[in-house]
Amino acid sequence: MNELEQAGLARLRDGWISGGAAFELAPAEWKEVAAAASPDEQQRRLLAIAAQALDVALRPAAAKTLKRRPPLPVLAMPTLPERLRPLLRAALKYAAEVRLKTRVAALVASRGFVLHPMDWMAAASDQESPEVYAPWVDWQAGADGEKQSRREQLTAETWDDFYPAARRTALIDLRRTTPALARTLIETKGASEPAEVRLALVELMRFGLGADDVPFLKSLSADRSGKVREMAGRLLARLGEHGNPADGGSEDPTAELAAFIEEGKSGFIRRRTTYAPTKLKSPAQQARRADLFASCYLGDLVARFGKTEPEFIGAWQFGVDDNADRFLVLMVSVSGSDAAVACLADMLVAEGGKLALLVLQLMLRLDGGRKRLLISQILNDAQNLHALNQVEGAEAGWLEWGDLAKGKTLSALRSAVSGDNDVMKRSAEQYLEAIGFLATAATAEKLIGEVVAAGLPPASPSLGLLRINAALAEKPSQSNR
């Protein structure tokens, strides 16, 4: 409403308050509506217009930049029952970071439900949310709902009918079931995509990666994007393909990296070969070694020493240089074979302590069983419970009460919540949040009882995820759908 219209309304109001007629005081446009009526009807019509002016007739027009959005897509799982939404909102409120809120959504999805959009919404850039939310991710990105709602199989013909998040989910499914078909789609349809999209598509080749993928990955050595060439090289290295020929020249980075590693012997009777990082003399050498570990491939490095990847890893002297240990683990993570990753993870978990934490760098390459072993190791010794919040890609809802009770974690939590050290209490509350994601419903319920009995207030917000976990004991029934 502009100032003239507001002034007109004010004159009408003053006229009626003083008991007189207000027709002559009305704006010209309003007079046209009432001019042909009797004097009493004129006042009634003006009163009707004035009464609706603020709420209806003079409502500000929408800005031209606003766009009408399509309806929010319906997801493939039922929405969390209304009675559980207060518990859910409490858990989301306590989860301070976006990553932790996504973890709440993942736990709920593992029990067969999705969140109400008023409680939580996946972001347009959210690649970590459960796959069931892919239609919402595309909706947030501005894709129209008509194409998202289609349930066709991804093919070359339907490629453009899928928006990014839905296409990514479909390609991952294809790589797990029919990798050759997915590879053909990435090869034929990805070539015309921008570099950023091509990189994301090639990165999906890690699912179901096999020897049949070698020719296509080698063809990417001519890709116009350096990041795509680098990604293809790493995937080839995982398959045992050498990236850098062993020419041993002065410009050979792998030979330079090998010079930072010292070969030795151990054992009095059976002389076993060992490999350890050399002692460095300057920060410049440390920086150069870090760059070489990041840019070279594990297969090329072990070939310098005439060993297989598992042999080299088994002979590495962990503990000589913590930085070198971490760089080696990262190298294995990005370019080591599956056998090398499994060998390294098993060895580090068996060592325990801070060495076991290095496995966190391998999480994206580990199968579900090894991830559980690492988490169980962390829970058993209870010395590095903070690492629970760094675990990526862990499954929700599998930790049984017996697994939790047999280690030191339960006693550590009881001691922390019953003591008077505020720092330890806050840390324990963060661990409860992490365990609330990993635990089964029965474990969550028992753990709530244990820590409340130890002194944690029953209304503590840190129990939020455990409470929604315990309440989600049952899978959704058909009637919920």
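Please refer to the structure higher up on the page.
Per chain, the residues get numbers from 1 upward, laid out in the order the sequence is written. Restriction of local features to residues with pLDDT of at least 70 applies here, the model being predicted, together with a cutoff of 80 or more for giving and counting side-chain atom pairs; totals for whole chains, interfaces and linings are based on all residues. As a rule here, side-chain values cover all heavy atoms of the structure and leave hydrogens and water aside.

1. What about the overall build of the protein?
Here a helix means four or more residues in a row that DSSP labels H or I, a strand means two or more in a row labelled E, and each is numbered from the N terminus. In terms of regular secondary structure, the protein is built from 25 helices and two strands. Here the radius of gyration uses the C-alpha set of atoms, whereas the globule reference equals 2.2 Å times the residue count to the power 0.38. The C-alpha radius of gyration of the protein comes to 32 Å, more than 25% above the 23 Å expected for a compact globule of 481 residues. Oriented by its inertia axes, the alpha-carbon framework of the protein measures out at about 120 × 65 × 55 Å. Each residue gets one of three labels from its accessible area relative to the maximum for its type: buried under 20%, exposed over 50%, partly exposed in between, using a 1.4 Å probe on protein chains only. Within the protein, the proportion of its 481 residues that are buried is 44%.

2. Concerning the environment of Gly-397
Among the structural elements, Gly-397 can be located in the loop between helix H20 (368-381) and helix H21 (401-405). When the C-alpha positions of Gly-397 and Asn-469 are compared, they lie 8.1 Å apart, and in sequence the two are 72 residues distant. Whether two residues are in contact is decided by their heavy atoms, any of which lying within 4.5 Å being enough. With residues up to four places along the chain from it excluded, the contact list for Gly-397 reads Arg-111, Phe-437, Leu-438, Ala-439 and Thr-440.

3. Let's talk about helix H23 (residues 422-438)
Since one α-helical turn is 3.6 residues long, residues separated by three or four positions face the same way. Every helix has an expected span of 1.5 Å times one less than the residues it contains. End to end, H23 covers 25 Å across 17 residues, agreeing with the expected 24 Å (1.5 Å per residue, within 8%). Buried within H23 are the following residues: Ala-428, Glu-429, Tyr-431, Leu-432, Glu-433, Ala-434, Ile-435, Gly-436, Phe-437 and Leu-438. For this analysis, a polar contact is any N or O atom pair within 3.5 Å, provided that within protein one partner can donate a hydrogen and the other can accept it, and provided that sequence-adjacent residues contribute only side-chain to side-chain pairs. Between a side-chain oxygen at the N-terminus of H23 and the backbone nitrogen of Val-423 the separation is 3.0 Å; the capping residue is Asn-421.

4. Thoughts on unusual backbone geometry
You will see that Ala-382, though not glycine, has its phi angle at about 55°, which is positive. Within the secondary structure, Ala-382 sits in the loop between H20 and H21.

5. Overview of helix H18 (residues 338-351)
Counted at 1.5 Å a residue, the expected span for H18 with its 14 residues is 20 Å, and the 20 Å between its end C-alpha atoms agrees. Burial in H18 covers these residues: Ala-340, Val-341, Ala-342, Leu-344, Ala-345, Leu-348 and Val-349. Buried-residue contacts for H18 involve helix H15 (298-304), helix H16 (309-315), helix H17 (322-335), helix H19 (353-357) and H20. With its phi angle positive at about 75°, Gly-352 sits one or two positions after the end of H18.

6. Some remarks on the pattern of salt bridges
A side-chain nitrogen of Lys or Arg and a carboxyl oxygen of Asp or Glu constitute a salt bridge if their distance falls within 4 Å. Under the criterion given, the structure shown has 24 salt bridges. When the shortest N-O distance is used, the salt bridge between Lys-31 and Glu-24 registers 3.8 Å. Given a relative accessible area of 24%, Lys-31 falls into the partly exposed group. Between Glu-241 and Lys-218 there is a salt bridge, and its shortest N-O distance comes to 3.3 Å. In this pair, Glu-241 is assigned in the loop between helix H12 (226-238) and helix H13 (253-258) and Lys-218 in helix H11 (residues 214-219), connecting sequence segments 23 residues apart. Linked through salt bridges whose partners overlap, the residues forming this network are Glu-82, Arg-85, Arg-89 and Asp-119.

7. With respect to the nonpolar core
Looking at soluble globular proteins, one finds that nonpolar side chains tend to be buried together. Tyr-133, Phe-312, Leu-388, Ile-435, Leu-447 and Ile-468 are the most contacted members of the largest nonpolar core, which totals 100 residues. Considering each element in turn, this core owes the most residues, seven residues, to H23. Ala-170, Ala-182, Leu-217 and Leu-235 belong to the second-largest nonpolar core, a separate cluster that totals 24 residues. Nonpolar cores are built from buried Ala, Val, Leu, Ile, Met, Phe, Trp, Tyr and Cys residues. Side-chain atoms within 4.5 Å join them into one set.

8. Considerations on the packing of aromatic side chains
Centres within 6.5 Å make a pair out of two Phe, Tyr or Trp rings, where for Trp the six-membered ring is used; the pair is then stacked when the planes are under 30 degrees apart, edge-to-face when over 60, and tilted otherwise. Enumeration according to the criterion identifies seven aromatic pairs in this entry. A centroid spacing of 5.5 Å and a plane angle of 55° characterise the contact between Tyr-133 and Trp-136, whose relative ring orientation is tilted. In terms of burial, Tyr-133 and Trp-136 fall into one category: buried. Ring centres of Phe-312 and Trp-316 lie 5.9 Å apart, and the angle between their planes is 45°; on these two criteria the pair is classed as tilted.

9. Focus: the side chain of Asp-119
By secondary structure assignment, the location of Asp-119 is in the loop between helix H5 (98-110) and helix H6 (134-140). Given the relative accessible area of 16%, Asp-119 is considered buried. Among residues more than four places away in sequence, those in contact with Asp-119 are Arg-85, Leu-88, Arg-89 and Leu-92.

10. Let's talk about the environment of Ser-411
By the secondary structure assignment, Ser-411 is in helix H22 (residues 409-418). Taking the C-alpha atoms as reference, Ser-411 lies 43 Å from Pro-135; in sequence the two are 276 residues apart. Engagement of the side chain of Ser-411 in a polar contact is seen with the backbone oxygen of Lys-408, the distance being 3.0 Å.

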